[in-house]
Amino acid sequence: MQNRPKLNVPFFNYPSIYKNEREDLLKLIDDIGCRGAFIMQNDLIEFERNLAKYCGSNYAVGVGNATDGLELSLMAMNLKRGDEVICSAHTMLATASAIITAGGVPVPVDIDNDNLIDPSAIESAITSNTVGLLPTQLNGRICKMDRIQKIAEKNKLFIVEDAAQALGAKYKGKHSGTFGAAGAISFFPAKVLGCLGDGGAIIANDKEIFQKIYQLHDHGRNQDGEVMCWGRNSRLDNLQAAILDSRLKTYQKTIDRRREIARIYNNNLAKIEQLSLPPGPDGDDEHYDIYQNYELQAEDRDKLKEYLQINGIGTLIQWGGKAVHQWENLNFNLSLPRVENFFKHCIMLPLNMSITNDEVHYVCEKINDFYKK
Ligand SMILES: *Cc1c(COP(=O)(O)O)cnc(C)c1O
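Throughout what follows, the structure given in this document is the object of discussion. (Residues numbered from 1 in each chain as written. Predicted model: local features only at pLDDT ≥ 70, side-chain atom pairs only at ≥ 80, totals over all residues. Heavy atoms only, no water.)

1. Quick notes on the overall build of the protein
The helix and strand tally for the protein stands at 13 helices and 13 strands. Its C-alpha radius of gyration of 21 Å places the protein within 12% of the 21 Å reference for a compact globule of 373 residues. Its C-alpha atoms give the protein principal-axis dimensions of roughly 70 × 55 × 40 Å. A buried classification covers 56% of the 373 residues belonging to the protein. (Helix = DSSP H or I, 4+ residues; strand = E, 2+ residues; numbered from the N terminus. Rg over C-alpha atoms; globule rule 2.2 N^0.38 Å. Buried < 20%, exposed > 50% of the residue type's maximum accessible area, 1.4 Å probe, protein only.)

Given below as structure tokens:
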């Protein structure tokens, strides 16, 4: 095969999320600016309403970011000192740090062969101090929530979902973020629904939980401005909400495109036995994945990463290359063999809205080349 010219395929192209919509965004910013509508205005209220509706949930509250969203959700669960909350070891540190900030103790557990939290590991980790489960819907895919819900019911535990990576993902037809008491979503620029800065939301079905979260996120005030409890400030900017609301309107197209890219990767990498690929978009009827990331396991991972880099292809190893309990300074004393092995091999390929099909094929060709040598 003739060698084609080297392409430049960055892992993520930050300017593109502004430049591709520059004129519309400038109009929108100008409109908000001229109205002076910066904090808790109609654009935010509209977005919250549309987001809740999209997820099939009763309520949504815009917050500063998903980390705050997790913390506020856990505070609404009335976490007490020493309360244990079980989470996956393969998640952003934010999942565990939110438990700490809300006053609890994070208990990371091992992953299953789908790389998401292992329901059996959850069961083994339950103690008399366990009060809740905080599963992460990682890479745009939902955990085996029916099993996790059964465990929660049996042991009288709450579920709060880290749905930061999974807005629009479904399991047995049900939306990410709607399986427990609350779910936190991130609008970090590189997330599937991203804004132009930090942003997040919490979705909830129960009115009382919604009200508690609402109060906590705005200085303890309820929707009429009456102070009900101590709170803080973690609000989603009205401007970001307006941007998100306009992006939510075309969100299905975004998901379709991401699933298409994942399909190309799966089809073109399936024969390489040194790789272990994520489930494809047509893998099973129960999961509807939105591919926040395309994360796979590879033999000779570091050499592959270097080879792709030399060929102009950006890749990323999630979370800086470590599971939650592997950060020495955080003083976990745990050994979780599956996730530790996973982090020796995991790598993410570029999957975003600016990559072209030609570039995806180029990435596949280079990976095939690497393992032929
Ligand atoms: C991005 C992310 C977060 C944090 O989101 P922020 O909005 O940046 O606070 C938490 N958990 C997971 C799994 C994430 O991917």
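2. As for unusual backbone geometry
Its identity as a non-glycine residue notwithstanding, Tyr-291 has a phi of 55°, on the positive side. Residue Tyr-291 is classed as buried on the basis of its relative accessible area, which comes to 3%.

3. Quick notes on the site of the ligand
Surveying the vicinity of the ligand reveals 14 residues, the closest of which are Ala-66, Thr-67, Asp-162, Ser-186 and Lys-191. A distance of 2.7 Å is found between a nitrogen atom of the ligand and a side-chain nitrogen or oxygen belonging to Asp-162. Summarising the interface, the protein chains cover 94% of the accessible area of the ligand, which totals 380 Å² for the free molecule. According to the grid-proximity analysis, the pocket containing the ligand is the largest pocket. Looking at the shell around the ligand residue by residue, the classes come out as 5 nonpolar, 7 polar and 2 charged. (Near = heavy atom within 4 Å. Polar contact = N/O pair within 3.5 Å; in protein donor to acceptor, adjacent residues only side chain to side chain. Areas by Shrake-Rupley, 256 points an atom, 1.4 Å probe, with all protein chains shown as cover. 1 Å grid on protein atoms, 1.4 Å probe; cavity = no way out; pocket = protein on both sides within 12 Å on 5 of 7 lines; lining within 4 Å. Sits in = over half its atoms within 2 Å of the grid points. Nonpolar A, V, L, I, M, F, W, Y, C, P; charged D, E, K, R; others polar.)

4. Some thoughts on the packing of helix H11 (residues 301-310) against helix H13 (residues 357-372)
Running from N to C, H11 and H13 cross one another at 130°; their axes reach a closest spacing of 10 Å. One element, H11, and the other, H13, form an angle in the oblique class. The way H11 lies across H13 gives a crossing that is right-handed. Facing H11, whose interface residues are Lys-303, Leu-304, Tyr-307 and Leu-308, H13 presents Lys-366, Ile-367, Asp-369, Phe-370 and Tyr-371. Looking at side-chain class alone, the contact of H11 with H13 contains 6 nonpolar, no polar and 3 charged residues. (Axes fitted to C-alpha atoms, helices over the stretch in contact; angles between N-to-C directions. Parallel < 35°, antiparallel > 145°, perpendicular 65-115°, else oblique. Left-handed = near helix turned anticlockwise from the far one by under 90°. Contact = heavy atoms within 4.5 Å.)

5. Focus: the nonpolar core
In this structure, Phe-47, Leu-51 and Phe-187 are the most contacted members of the largest nonpolar core, which totals 45 residues. Contributing elements (two or more residues each) for this core: helix H3 (42-55), strand E3 (105-109), helix H6 (119-125), helix H7 (145-155), strand E9 (200-204), helix H9 (238-248) and helix H10 (251-269). Not counting chain neighbours up to four residues away, the residues in contact with Leu-51 comprise Ala-60, Leu-167, Ile-185, Phe-187, Ala-201, Ile-203 and Leu-248. Within the second largest apolar cluster, 27 residues are counted, among which are Ile-264, Tyr-265, Ile-313 and Leu-351. (Core = buried A, V, L, I, M, F, W, Y, C linked by side-chain atoms within 4.5 Å.)

6. Thoughts on H3
The terminal C-alpha atoms of H3, which comprises 14 residues, lie 20 Å apart, in line with the 20 Å expected from a rise of 1.5 Å per residue. Buried residues in H3 make contact with helix H2 (22-35), strand E1 (59-63), strand E7 (174-175), strand E8 (182-186), E9 and H9. Directly after H3, the chain includes Gly-56, whose backbone phi takes a positive value near 70°. (Expected span 1.5 Å × (residues − 1).)

Purely spatial values, then, with no claim about function.
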